[in-house]
Amino acid sequence: MRAVICKVGQRMETAVAEELRREALEVGEFARILKDKDYDVEYIQALSDYIKEYGADMVWSMEYIPVISRACLVEKVPYVAWIIGESWNTLYSSTIQNPWNFVFVAEGHIAERFWKKNPGHIFYLPPGAKADVLSEVPGTVGLCNWNMEYPVYYMKEDCSEYMKGYVRGLIEAQQRVYGYHFLPNLITKKRKTELGKILLEPMRGKDYYQKNLQVRIDDFLCDTITRNEREEAVQIMKDMEIFHEGDGLCTVNVNVASRKCRTGIPYDMLRVMGAGGFVITNYQDKIASSFVIGEEIVVYEDMKELQDKIEYYLEHEEERKQIAIRGRRRVKEDFSLQQRVGDVFYAVTEGLRR
Amino acid sequence: MKILFLEWPCYGAENWIRELENQGYEVTHMKVPHMLDEDDMVFQNRLVERIKDKGYELLCTFNFLPMLSIIARNTNIRYLSWVYDSPLLTMYSVEVGSPNNYIFLFDRRQYEEFRDKGIQTVHYLPLAGVTGIEKDSTGYSSEVTFVGALYQTYNLFDEIKYLPDRLKGYLEGIMEAQRRVYGYYMLPELLSEELLGEILKYIKMDLGDQYWASYRDIFASQFLAKKTANLERESMLRYLAQYFRIYLYSNERLEVPNIINCGTVPYGAEMYKVFQRSKININSTLRCIQTGINLRTMDILSAGGFCLTNYQEELSSHFVIGKELEVYESELDLLEKTAYYLEHEEEREEIARNGKKRIEESHTYPMRVKEMMDIVCRGFAKSN
């Protein structure tokens, strides 16, 4: 069997390609620069040609890309899109209904939202990670999260000063509360309508479905909070003068899960844990239910606690290492990439049979 | 020990005095017609003379009055204050730290904050309920009752004449957010230095050098927390009134269909009857009471009323939730539990009985007074 992986800049691509090869597939890599995720006609043509020449039986990408779906529709080959990032905007494309799509979303409530668009072709699937140990850059602290794209929305300049202040108040308040997402309940109908008029989303294709106003507002607020939180966390680490950016594990790896991700496990965090890294993460329900807090992973609930715990675990090496070992074991047991790839094959096979 | 009990208009003085006497202390009860004026030198001088003349060793009041702390220090007697109000501005007085004081706070988080600042004169002590309240045999006259202030007029936020729109929007945003979050008082943290600087251009807040509180604490508690309570209580009552008839006992009114404005009810026997005659009594705690159980909750339970209260962290330390009282964690939760307990009468009445029993077993005036006086007496023994 032959698979093509379309390289779209996601970290998991290489690991998935290796896993597919381990499953005795031949794997080709299509790495053309994508000018437009929705309407890059040259990309569609080039991919179609590649699929034909290579004799591909399926096409994979670690994101849902409408142009890939279009190419797969033309060539009638299954398109496996596994979304592990924090943005699901492209799922609003009308191409989501393509019968050759098999879309796997790492966030449960998002999979539920889109399931009706293409029943039997949209699935919830947590990410998986390899468990190959990587070396550590000693005495450093860094952020797990990578490829952060937000916010895709912005507020129009001419929105009222009151509304700017009000939105900032909501964001600052929600930023301080973990594990309880109260923003959706906070905005009255009147304010929702007002916000809807001033909130713009520039990156939408012409054939996209209308996005529910509540979702738009919620995404905007969550993206803004997440960005603020990550900036604040990075500043804390920089002030400690041991911040490390770039490849390699740090001694302490901080995960700031996106506020939009309430039912999923971040891939970046799993990748680090699978590689033997020690992780401190912001509290999030799904993380708390998937790992033993304090034994496999450490949690913080405000920035002061984050700083205190970074300092503590930098000093307490043995304790830190034991937590990292147990965390890696958990990832191997419950989040194995091999298992996930197997799940994908099963779903695709069943889907094609139907 | 000779005790001078100074009673300004407050709740429960007779219970405390009776218990001091029951425990063998000699108590002189001095009523003052109003909250003491710190500038009233005539009164202060008279009080000093009386203390020296009669040889009092301990001065007691509900809530903390800095002037009395000064008098106690100057006459070398002790001052015991039992705080049941929050926010209480006088707790930010520098006098709080005076070594003659024994100040009892019912909010554990607040107590810890004072202790973290090195103030050793504060102690943690939950409030008390009253026992021996006779059961009213009239039966129920209301389904749902709320007794308390709406803070329509006692919130300083509404008295602010002008704030720029962006600032106003921000403050209203954070108050809306605080309304949704129980068990975490976040208003002070949401006031950055920069924001406070902005606020102070429009609001005059000057307590002088006798108060150590930050502008942040004052603005959060005196302006925002009370306004949040106003928003919360009105919203909650309006929401419930869509489904149930609500009896509101308050010095303020809410002109909404299905809300019966009953005016105020005097504290004491009449108030307890109101609780007994209502199937469900709702309590809503001010947010600046971060973890503690307020007096209203104790009052409802003492009367044998069914108490449905917002969640507070200390409730589970002192009561069994679901068996002795019930809690809500959102307006929807409040609505659902109100509906449930109106339907499930036996269960409701059993919870109310259990709540009263818990007060009688664990939260009485004799227990609290003994605990306070043990601490004071140990202090006396040390200094002797």
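Going by the structure above, here's the rest.
As the structure is a computational prediction, the values presented were derived from the model and not from experiment.

Could you clarify how one ought to interpret the overall build of chain B in this entry?
Per the secondary structure count, chain B includes 13 helices and twelve strands. By the compact-globule yardstick of 21 Å for 384 residues, chain B fits well, its C-alpha radius of gyration being 22 Å. When its C-alpha atoms are laid out on the principal axes, chain B stretches across 60 × 55 × 35 Å. Expressed as a percentage of the 384 residues in chain B, the buried residues total 59%. Sequence-distant contacts, at least 24 apart, represent 66% of the contacts inside chain B between residues at least 6 apart. Surface summary for chain B: the accessible area is close to 16700 Å², and the carbon and sulfur share equals 46%.

Looking at this structure, how should I read the packing of helix α9 (residues 295-303) of chain B against helix α12 (residues 345-362) of chain B?
The relative placement of two packed helices is expressed as an angle between their axes plus a distance between the axes. All names here are of chain B. One can describe the packing of α9 onto α12 by two numbers: an axis separation of 7 Å at closest approach and a directional angle of 110°. Comparing the axis directions of α9 and α12 gives the class roughly perpendicular. Residues Met298, Leu301, Ser302 and Ala303 of α9 pack against Gly355, Lys356 and Ile359 of α12. Broken down by class, the residue content of the contact of α9 with α12 amounts to four nonpolar, two polar and one charged.

Would you mind going over the interface of chain A and chain B with me for this structure?
Frequently, the measure chosen for interface size is the accessible area that the parts lose on association. Taken together, the 17 residues of chain A in the interface contact 17 residues of chain B. Of the roughly 1500 Å² buried between chain A and chain B on both sides combined, carbon and sulfur atoms contribute 64%. For the chain A face of the interface with chain B, the top three residues by lost area are Tyr162(A), Arg176(A) and Leu186(A), together amounting to 33%. At the junction of chain A and chain B, the tally comes to two salt bridges. The salt bridge involving Glu189(B) is made with Arg176(A); its shortest N-O contact spans 3.3 Å.

When you look at the sheet that holds strand β9 (residues 259-261) of chain B in this model, what are you seeing that I'm missing?
By definition, the strands of a sheet pair up through backbone hydrogen bonds, in either a parallel or an antiparallel sense. Residues and elements named next belong to chain B. Taken together, six strands build an open sheet; the order of strands is β9-β8-β7-β10-β11-β12 and the sheet is parallel. Where the open sheet ends on each side, the last strands, each with one partner, are β9 and β12 (326-328). Within the sheet, the average angular offset between the axes of one strand and its neighbour, ignoring direction, is 25°. Its contacts with the sheet put helix α7 (residues 215-241) on β7 (142-147), β8 (246-249), β9, β10 (278-283) and β12, and the angle it makes with β8 is roughly 150°. Across the face of the sheet, helix α11 (residues 331-343) comes into contact with β7, β10, β11 (307-310) and β12 while running at roughly 150° to β12.

What counts, and where the lines are drawn
Residues numbered from 1 in each chain as written. Chains lettered and ligands numbered in written order. Predicted model: local features only at pLDDT ≥ 70, side-chain atom pairs only at ≥ 80, totals over all residues. Heavy atoms only, no water. Helix = DSSP H or I, 4+ residues; strand = E, 2+ residues; numbered from the N terminus. Rg over C-alpha atoms; globule rule 2.2 N^0.38 Å. Buried < 20%, exposed > 50% of the residue type's maximum accessible area, 1.4 Å probe, protein only. Contact = heavy atoms within 4.5 Å. Areas by Shrake-Rupley, 256 points an atom, 1.4 Å probe, with all protein chains shown as cover. Axes fitted to C-alpha atoms, helices over the stretch in contact; angles between N-to-C directions. Parallel < 35°, antiparallel > 145°, perpendicular 65-115°, else oblique. Nonpolar A, V, L, I, M, F, W, Y, C, P; charged D, E, K, R; others polar. Buried area = accessible area lost by both parts, 1.4 Å probe. Salt bridge = Lys/Arg side-chain N within 4 Å of Asp/Glu carboxyl O. Pairing = 2+ DSSP bridges.

That's the geometry; what it means functionally is another story.
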